[in-house]
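If you want the building blocks of each chain, they are given just below.
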Amino acid sequence: MAEVIVVTSGKGGVGKTTSSAALGTGLALKGYRTVVVDFDVGLRNLDLIMGCERRVVYDLVNVVKKEANLNQALIKDKRLEELYILPASQTRDKDALDIDGVARVIEELKAANFDYIICDSPAGIEKGALMALYFADRAIVVTNPEVSSVRDSDRILGILASKSKRAEEKLEPIREHLLVTRYSPTRVERGDMLALSDIEELLAIPLLGVIPESLAVLRASNSGIPVTFDQESDAGQAYLDAVDRFLGHKVPLRFVNTKKRTLLQRLFKAKEGAAA
Amino acid sequence: MSWIDLFRNKKRNTAVTAKERLQIVISHERTRQSQPDLITAMQAEILSIIAKYLGIPTDKIQEQVKVDVERRGEHSVLELNITLPESAHKALPKETAAEEA
């Protein structure tokens with residue numbers, strides 16, 4: 001049975017699309033038939049992050065409005081057999097989506113034998129974001145270790161618990177997962193960044209993973225190759241760990257502590273830090 | 001600016017400040033979210049009680065009752081402001097304005 005997953009955050013720029021692409025890629029790498037749906041109508045970017053921007057012909061809005069069928073709009077990833085993308089429209093506005101239309105598309109995706117349907121939510125708490133989370137079975141809340149992101153994540157948790165289909169129909173609530181991105185153990189150690197334990201305590205939902213602040217993420221988006229493919233990189237490995245946890249495996253956390261340094265290195269670093 | 005800084009007192013740890021501020025704002029917003037109509041409901045009920053005891057129709061005092069919750073430092077202040085219309089003067093010895101903390 002297909003599961004619908006929303007990747008959401010409230011705040012913009014925290015890494016929803018990067019995470020949607022990376023987690024979708026990770027699930028497909030594990031052999032699960034996965035589709036990533038871009039709900040950011042008017043500002044589509046998933047296509048660019050996944051490197052299929054030149055192959056977009058039809059989009060989600062076309063399918064919702066019955067101007068194209070699902071197979072015409074689905075883009076098959078060139079690297080992975082089991083990975084598909086359903087892009088957002090670039091030209092229309094967020095009102096182009098309606099709940100019945102989105103419900104139909106989700107049903108069609110389920111009928112097309114997908115294991116996981118990942119809904120990449122737009123920022124904000126308006127219609128587009130509500131559409132993306134409405135049908136979710138599980139939610140991945142992407143949070144940066146920073147005050148506005150944590151506060152907005154808390155708002156989104158409130159909305160998941162009140163405005164989703166599962167909430168309205170009083171079904172079992174959405175399973176929530178916390179994904180902390182852009183984490184910098186060095187800054188946490190210096191007392192300049194909220195620690196993982198603080199974020200977990202404030203939001204009080206189970207932790208799915210911690211993605212370190214990494215050049216690999218920028219490089220991945222520059223080249224349109226989800227960072228999960230870069231398995232040499234810290235961020236790529238952290239996303240794969242998160243995928244394993246998502247699938248129910250117990251995996252120890254990595255990249256959450258600073259590397260141990262010798263006394264000399266520490267003195268050198270302190271000097272460097274003071275100069276910066 | 002040298003390694004001597006290592007021996008000085010550290011500056012206020014801003015991550016701790018961030019956590020404390022978030023704890024307050026998040027708990028406040030959660031209570032508000034779970035009871036969004038609390039203030040409106042309270043206002044309506046207070047209104048009906050005043051109307052009942054002073055014998056004035058509610059529509060006449062509707063705009064004279066204001067209920068607000070305000071945060072002042074670590075405390076929440078429930079503020080209640082009632083201005084009574086002319087007709088109520090006969091029922092009461094003097095004008096009443098109540099403020100509750």
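Structure first, text after, so check above.
This one's a predicted model, so the numbers in the text were calculated from it and none came from an experiment. (Residues numbered from 1 in each chain as written. Chains lettered and ligands numbered in written order. Predicted model: local features only at pLDDT ≥ 70, side-chain atom pairs only at ≥ 80, totals over all residues. Heavy atoms only, no water.)

### Here we look at the overall build of chain B
Now for step 1: Helix and strand counts for chain B stand at three helices and two strands.
Now for step 2: The linear arrangement of helices and strands in chain B, starting from the amino end, is α-α-α-β-β.
Now for step 3: Relative to its 101 residues, chain B shows a buried fraction of 24%.
Now for step 4: Intrachain contacts of chain B at a sequence separation of at least 6 include 29% that bridge at least 24 residues. (Helix = DSSP H or I, 4+ residues; strand = E, 2+ residues; numbered from the N terminus. Buried < 20%, exposed > 50% of the residue type's maximum accessible area, 1.4 Å probe, protein only. Contact = heavy atoms within 4.5 Å.)

### Concerning the sheet that holds strand β7 (residues 175–183) of chain A
Residues and elements named next belong to chain A.
Now for step 1: Spatially, β3-β4-β2-β5-β1-β6-β7-β8 is the arrangement adopted by the eight strands of the open sheet, whose pairing is mixed. Taken across any chain shown, the strands that pair with only one partner, and hence form the sheet edges, are β3 (75–76) and β8 (207–212).
Now for step 2: The sheet contact formed by strand β6 (residues 138–143) and β7 spans six bridges and is parallel. Paired with T143 across the two strands is V180, which belongs to β7.
Now for step 3: Of the strands in this sheet, β1 (3–8), β2 (34–38), β4 (83–86), β5 (116–120), β6 and β7 are in contact with helix α1 (residues 16–29), which crosses β5 at around 170°. (Pairing = 2+ DSSP bridges. Axes fitted to C-alpha atoms, helices over the stretch in contact; angles between N-to-C directions.)

### Considerations on unusual backbone geometry
Residues and elements named next belong to chain A.
Now for step 1: Positive phi outside glycine occurs at K66, with the angle close to 60°.
Now for step 2: Overall, K66 belongs to the exposed group, its relative accessible area being 63%.
Now for step 3: The phi dihedral of K170 is positive, around 50°, even though this residue is not glycine.
Now for step 4: Along the chain, K170 turns up in the loop between α8 (165–168) and β7.

### Observations concerning empty space enclosed by the protein
All names here are of chain A.
Now for step 1: Evaluation of the coordinates by the stated rule reveals four cavities of 30 Å³ or more.
Now for step 2: Size it by volume and the largest cavity reaches roughly 60 Å³.
Now for step 3: What lines the largest cavity is simply I5, V7, L23, L27, I118, I140, L208, V243 and F246.
Now for step 4: Residue assignment for the lining of the largest cavity shows that the elements contributing at least two residues are β1, α1 and α12 (234–246).
Now for step 5: Along the lines of polarity and charge, the residues of the lining of the largest cavity split into nine nonpolar, no polar and no charged.
Now for step 6: Taken as a whole, the second largest cavity spans an internal volume of roughly 50 Å³.
Now for step 7: Surrounding the second largest cavity, T18, A21, A22, I49, V217, A220, S221, P226 and V227 form its lining.
Now for step 8: Those elements giving two or more residues to the lining of the second largest cavity turn out to be α1 and α11 (215–223).
Now for step 9: Residue classes in the lining of the second largest cavity are distributed as seven nonpolar, two polar and no charged. (1 Å grid on protein atoms, 1.4 Å probe; cavity = no way out; pocket = protein on both sides within 12 Å on 5 of 7 lines; lining within 4 Å. Points joined across faces, edges and corners; volume = space filled by probe spheres on them. Nonpolar A, V, L, I, M, F, W, Y, C, P; charged D, E, K, R; others polar.)

Purely geometric numbers; function is a separate question.
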